[in-house]
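Next come the chains, spelled out residue by residue.
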Amino acid sequence: MFSPDRYVAALTFAAIRHNAQKFPGGELPYLLHVTSVAGEVIAALAEHPVEQPELAVVCALLHDSIEDTPTTHAELAARFGAPVADGVQALSKDAALPKVDQMMDSLRRIRAQPREIAIVKLADRITNLAEPPAFWTTDKRQRYRDEAIVIADTLAGTHPVLDARIRARIERYATYF
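Values in this document were obtained by computation on a predicted structure and should not be read as measured data.

Colleague: Pulling in residues and values, what's your account of the packing of aromatic side chains?
Modeller: Using the criterion set out here, one finds seven aromatic pairs in the structure. When the centroid spacing of 6.2 Å and the interplanar angle of 45 degrees are considered together, the rings of Y144 and Y173 count as tilted. Of this pair, Y144 sits in helix α9 (residues 138–154) while Y173 is found in helix α10 (residues 160–173), placing the two residues 29 residues apart along the sequence. The pair formed by Y144 and Y173 is uniform in burial state, with each residue classed as buried. Consider the rings of Y173 and Y176, whose centres lie 5.4 Å apart with planes at 70 degrees: the pair is edge-to-face. A relative accessible area of 22% places Y176 in the partly exposed class. Through a chain of ring-to-ring contacts, three or more aromatic side chains come together here, namely W136, Y144, Y173, Y176 and F177.

In structure tokens:
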């Protein structure tokens, strides 16, 4: 399915880059998020395999490294190859764009990548649709759910297991407002 050595290399890289980060509003290490996303990907691929499982798993572990750390596309390309670097870049929002345009731009770039990258995006949002931080307003929670619907609709048909999981999580998320 994928190389354990490559998994450990990506996990180690993510641990170093996200070292001091915590979950928003909490004390848990941010690394729990990237490993949770990788877990969603691995579980989905076990049930419904894809052509490039290693690309999906490695990108899941590294998906926030460009967006949230000083990591560059060139650095990821040198360490993990251009397909991983390109996938992680597509998964990263472009901070130079107005906030309102960032998600759709990222989704457009994700759709131009192999479907394994869209799998990571679905797994990321599934993971993020857990209980929201207590300090989020009802309006913020509703907007986050609405954005999840856009993601699910845009990436529909990418992976049957994750398609079903994100729809179930979206429905459950409504209980938080």
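Colleague: Can you break down the packing of helix α2 (residues 31–47) against helix α3 (residues 53–62) residue by residue, with the values?
Modeller: Two measures define how a pair of helices packs: the angle their axes make with one another and the distance between the axes. Following both chains from N to C, one finds α2 and α3 inclined at 160 degrees, their axes separated by 7 Å at the closest point. In terms of orientation, α2 lies roughly antiparallel with respect to α3. α2 and α3 meet at a crossing whose hand is right-handed. Of the residues in α3, those touching α2 at V34, T35, V37, A38, V41, I42 and L45 are P53, A56, V57, A60 and L61. Grouping the amino acids of the contact of α2 with α3 by side-chain chemistry returns 11 nonpolar, one polar and no charged.

Colleague: I'd like a description of α10, backed by residues and values.
Modeller: With 14 residues, α10 extends 20 Å from end C-alpha to end C-alpha; this agrees with the ideal 20 Å at 1.5 Å per step. Those residues of α10 that sit buried are V161, L162, D163, I166, R169, I170 and Y173. On its buried face, α10 is in contact with α2, α8 (115–128) and α9.

Colleague: An account of the side chain of T158 is requested, with residue identities and associated values reported.
Modeller: Considering the arrangement of structural elements, one finds T158 in the loop between α9 and α10. In contact with T158, not counting residues within four places along its chain, are R115, A118, I119, L122 and D163.

Colleague: Go over the nonpolar core with me, naming the residues and quoting the values.
Modeller: Counting residues in hydrophobic clusters, the biggest one holds 49 residues, and the most contacted among them are V41, L62, L76, F80, V84, I110 and I166. Setting aside chain neighbours within four positions, we find V84 in contact with R6, L55, V58, C59 and L62.

Colleague: Describe the pattern of salt bridges, and please don't skip the residues or the numbers.
Modeller: Scanning the entire structure with this criterion turns up nine salt bridges. D105 serves as the salt-bridge partner of R109, at 2.9 Å between the closest nitrogen and oxygen. One end of the pair is R109 and the other is D105, both in helix α7 (residues 99–111) and four residues apart, which spans about a single turn. The same class applies to R109 and to D105, which are both buried. Notably, a salt bridge pairs D139 with R143, separated by 2.2 Å at the nearest N-O pair. Linking D139 with R143, this pair stays in helix α9, spanning four residues, or about one helical turn. Take R143: its relative accessible area is 44%, and that puts it in the partly exposed class. Among the ionic contacts, a cluster of salt bridges with common partners joins D105, R108 and R109.

Colleague: A description of the packing of α2 against α10 should follow, citing residues and the corresponding values.
Modeller: Contact pair α2 / α10: the axes reach a minimum separation of 9 Å and the direction vectors enclose 130 degrees. In this view, α2 runs oblique relative to α10, as classed from their interaxial angle. Here E40, A44 and E47 of α2 come into contact with α10, specifically with V161, L162, R165 and R169. Classifying every residue of the contact of α2 with α10 gives three nonpolar, no polar and four charged.

Reading the values: rules and limits
- Residues numbered from 1 in each chain as written.
- Predicted model: local features only at pLDDT ≥ 70, side-chain atom pairs only at ≥ 80, totals over all residues.
- Heavy atoms only, no water.
- Phe/Tyr/Trp six-rings, centres within 6.5 Å; stacked < 30°, edge-to-face > 60°.
- Helix = DSSP H or I, 4+ residues; strand = E, 2+ residues; numbered from the N terminus.
- Buried < 20%, exposed > 50% of the residue type's maximum accessible area, 1.4 Å probe, protein only.
- Axes fitted to C-alpha atoms, helices over the stretch in contact; angles between N-to-C directions.
- Parallel < 35°, antiparallel > 145°, perpendicular 65-115°, else oblique.
- Left-handed = near helix turned anticlockwise from the far one by under 90°.
- Contact = heavy atoms within 4.5 Å.
- Nonpolar A, V, L, I, M, F, W, Y, C, P; charged D, E, K, R; others polar.
- Expected span 1.5 Å × (residues − 1).
- Core = buried A, V, L, I, M, F, W, Y, C linked by side-chain atoms within 4.5 Å.
- Salt bridge = Lys/Arg side-chain N within 4 Å of Asp/Glu carboxyl O.

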